[in-house]
Amino acid sequence: MNNRFKFRAWIERNAPFSMVAGFPHTREGKLWAFEDELTGSMYGADSWPFILMQSTGLLDKNGVEIFEGDIVKWVETGDVKYYGEGEVRWQNMSADYEIMCGKDFERAVGIEDDEYEVIGNIYEN
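Since the structure is predicted, the reported quantities are computational estimates derived from the model, not experimental observations. Starting afresh in each chain, residues are numbered from 1 along the sequence in its written order. For this predicted model, a pLDDT threshold of at least 70 governs which residues receive local features, and a threshold of 80 or more governs which side-chain atom pairs are given and counted, while totals over whole chains, interfaces and linings are taken from all residues. Only hydrogens and water are removed before side-chain values are computed, so all heavy atoms of the structure are retained for them.

A few words on the packing of aromatic side chains. Put simply, two rings from Phe, Tyr or Trp (the six-membered ring, in Trp's case) pair if the centres are within 6.5 Å, and we call them stacked under 30 degrees between planes, edge-to-face over 60, tilted for the rest. Under the criterion given, the structure shown has one aromatic pair. Residues W90 and Y97 carry aromatic rings whose centres are separated by 5.0 Å and whose planes lie at 70° to one another, so their mutual orientation is edge-to-face. Any residue under 20% of the maximum accessible area for its type is buried, any over 50% is exposed, and the rest in between are partly exposed; the area is computed with a 1.4 Å probe on protein chains only. Here Y97 falls in the buried class, since its relative accessible area comes to 5%.

Next up, the structure:
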């Protein structure tokens, strides 16, 4: 799966997540709404504050798409087994998605020998 421009939105008053179909914006580029892919409903940022999360383009071991803000469990399946869990975040310094496992440890998402499982997200868990 390689869909880096797929988004979902979290609206606290309207859980669960909405899959985003479109982003109306102003001429200055300010995002002011999004269209729900399933219902076609429009949610404006002024009346329905929302948080957008981008897809990493990866699936976990169960076929679940991994997004920013997801909590994932990972296992390195090489000769030496390492494991952990943390939040998937975009890192500007390295220009990639990483799993934040505490303050002092980061793990790049998408390492070939790793196995991932989405176990929640930072908004619902």
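Where side chains of opposite charge bring their charged atoms close, a pairing between them can arise. Salt bridge, as used here, is a side-chain nitrogen of Lys or Arg placed within 4 Å of a carboxyl oxygen of Asp or Glu. Per the stated rule, a full pass over the model turns up five salt bridges. Between R8 and D70 there is a salt bridge; the shortest N-O distance is 2.4 Å. Taken together, the residues span a long stretch of sequence, with R8 in strand β1 (residues 7-10) and D70 in strand β7 (residues 70-76) at a distance of 62 residues. When its relative accessible area of 9% is taken as the criterion, R8 is described as buried. Judged by its relative accessible area of 2%, D70 is buried. Note that E117 and K73 form a salt bridge whose closest N and O atoms lie 3.9 Å from each other. In this pair, E117 is assigned in strand β11 (residues 114-121) and K73 in strand β7, connecting sequence segments 44 residues apart. Within this structure, K61, K73 and E117 form a network of salt bridges that share partners. Working definition: helices are DSSP H or I runs of at least four residues, strands are E runs of at least two. Numbering for both runs from the N terminus.

Note on placement: G57 falls in strand β5 (residues 51-59). Here the alpha-carbon distance between G57 and F67, two residues 10 residues apart in the chain, equals 8.0 Å.

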